[in-house]
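Topology and contacts: notes
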Amino acid sequence: MLTTPHLSAAPLEWLHRLPTWLAAGQAMVLVSVARADGSTPREVGATMLVSLSAQADTIGGGHLEWQALQIARQWLQSADATAHPKLQRFNLSASLGQCCGGVMWLVFERLACTADNLARAQHWQQQIRAGHALKRCLSSQQPQSIWQIHATDYTALHQTNSLIQHNSEHWQFEQWICPPNLPIWLFGAGHVAEALIHTLLPLGAKIHWVDSREHAFPTTAEADYPAVTCIQTDSPETEVAQIAAHSLVLIMTHDHALDLQLCYRALQREDLAFVGMIGSRSKRAVFDKRLRLRGLTLAQCQRLVCPIGIAGISSKQPAVIAIAVAAQLLQWRDQVSPYRPPQLITKQLSAANEAPS
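Here's what I pulled together on the structure shown here. (Residues numbered from 1 in each chain as written. Predicted model: local features only at pLDDT ≥ 70, side-chain atom pairs only at ≥ 80, totals over all residues. Heavy atoms only, no water.)

Take the side chain of Thr 233 next. With respect to the element layout, Thr 233 can be found in the loop between strand S14 (228–232) and strand S15 (248–251). Residue classification places Thr 233 among the buried positions, given a relative accessible area of 14%. Within the structure, the side chain of Thr 233 is placed 3.1 Å from the backbone nitrogen of Ser 235, a separation counted as a polar contact. In this structure, Thr 233 is in contact with Val 210, Asp 211, Ser 212 and Glu 239, ignoring residues within four places of it in sequence. (Helix = DSSP H or I, 4+ residues; strand = E, 2+ residues; numbered from the N terminus. Buried < 20%, exposed > 50% of the residue type's maximum accessible area, 1.4 Å probe, protein only. Polar contact = N/O pair within 3.5 Å; in protein donor to acceptor, adjacent residues only side chain to side chain. Contact = heavy atoms within 4.5 Å.)

As a further point, take the environment of Phe 108. The residue Phe 108 is located in strand S7 (residues 103–111) in this model. C-alpha of Phe 108 to C-alpha of Lys 86: the two residues are 22 residues apart in sequence and 5.1 Å apart in space. Once residues lying within four places of it in the same chain are set aside, the contact partners of Phe 108 are Val 29, Leu 30, Val 31, Ala 68, Ile 71, Ala 72, Trp 75, Pro 85, Lys 86, Gln 88 and Phe 90.

Further remarks concern the packing of aromatic side chains. This model, assessed by the stated rule, comprises five aromatic pairs. Seen from their ring centres, Phe 274 and Trp 332 are 6.4 Å apart, and the 70° between their planes marks the pair as edge-to-face. Taken as a pair, Phe 274 in strand S16 (residues 274–277) and Trp 332 in helix H10 (residues 318–335) lie far apart in primary sequence, 58 residues in all. Both residues of the pair, Phe 274 and Trp 332, count as buried. Three or more aromatic residues link up through ring pairs in this structure, and these residues are Trp 14, Trp 124 and Trp 147. Directly above the ring of Trp 75 sits Lys 86, whose terminal nitrogen or CZ lies 4.1 Å from the centroid. (Phe/Tyr/Trp six-rings, centres within 6.5 Å; stacked < 30°, edge-to-face > 60°. Lys NZ or Arg CZ within 6 Å of the ring centre and 35° of its normal.)

In short, the description is geometric, and any link to function would need to be established separately.
This is the structure in structure tokens:
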């Protein structure tokens with residue numbers, strides 16, 4: 001049976017902690033959501049890393065997560081170090097007393113603290129940072145998961161379906177782990193932009209930050225935020241030609257004339273996924289007239305999102321504006337399917353068959 005890929009915005013903290021914990025000599029268990037029916041606290045593919053004393057990431061919290069932690073740690077304390085991955089079913093309302101009311105299947109995989117596992121984990125981390133995708137395959141018939149490296153083609157991954165088969169004795173689970181893919185070009189290094197950097201980075205954003213002024217960026221910006229590239233240039237508008245297709249553009253410079261130039265060049269490009277500008281409705285009206293005089297069509301002008309940020313928030317505080325803008329971008333990411341970035345695509349166990357408990 002074919003199942004549709006499921007998308008998630010997982011920050012992949014578990015993957016980045018994995019080599020660090022192995023290097024520190026910690027054995028651990030990976031716990032992943034293999035199937036989720038009904039109302040559940042996390043989506044298929046959500047993964048957390050569990051050691052005897054710590055955890056990274058979450059599968060949803062509450063009693064489900066507490067019980068999963070207990071199962072993982074009991075396994076780590078046992079002599080059952082070579083057992084195959086385990087699949088277990090959890091009824092959230094009947095057995096766990098949670099109000100969600102759904103049913104979840106979790107896969108548990110034990111990772112021994114070996115030099116081989118450390119080398120593999122370091123390699124996986126390097127591949128994600130290089131922009132490649134990882135395919136993780138688990139089965140009741142394999143002692144450990146099999147990982148493969150794939151060049152990332154977001155369009156293909158979004159359209160690909162999978163065939164997952166299982167019966168009462170055997171199961172298999174395939175998980176695609178993709179690098180964060182919220183590519184943003186942020187023009188302007190003012191207070192709102194800096195607040196937006198802090199808000200967007202945990203969501204998987206990779207940001208090019210552009211400003212014409214010397215010393216506009218925080219002195220440690222690139223050191224503190226590896227996913228941020230700072231670009232100081234006398235002509236920010238010329239950078240628009242360098243933006244990769246399907247990127248999101250946010251315009252909030254200190255100069256309205258520069259904002260106009262950036263809007264004009266960005267809206268000329270039909271392949272940019274989102275063009276937004278900070279400002280009022282009156283600023284938008286003025287810009288519409290000036291952009292039309294420069295030759296843009298009505299349809300091109302209508303692609304400009306201004307003011308940016310979700311409606312209903314009146315505060316002008318930079319941190320509040322940043323949250324409103326980030327919320328709008330998350331709405332966009334979930335609703336606009338042609339550019340929907342599959343941060344984590346998981347091929348779900350077939351909902352038509354009953355998984356083993």
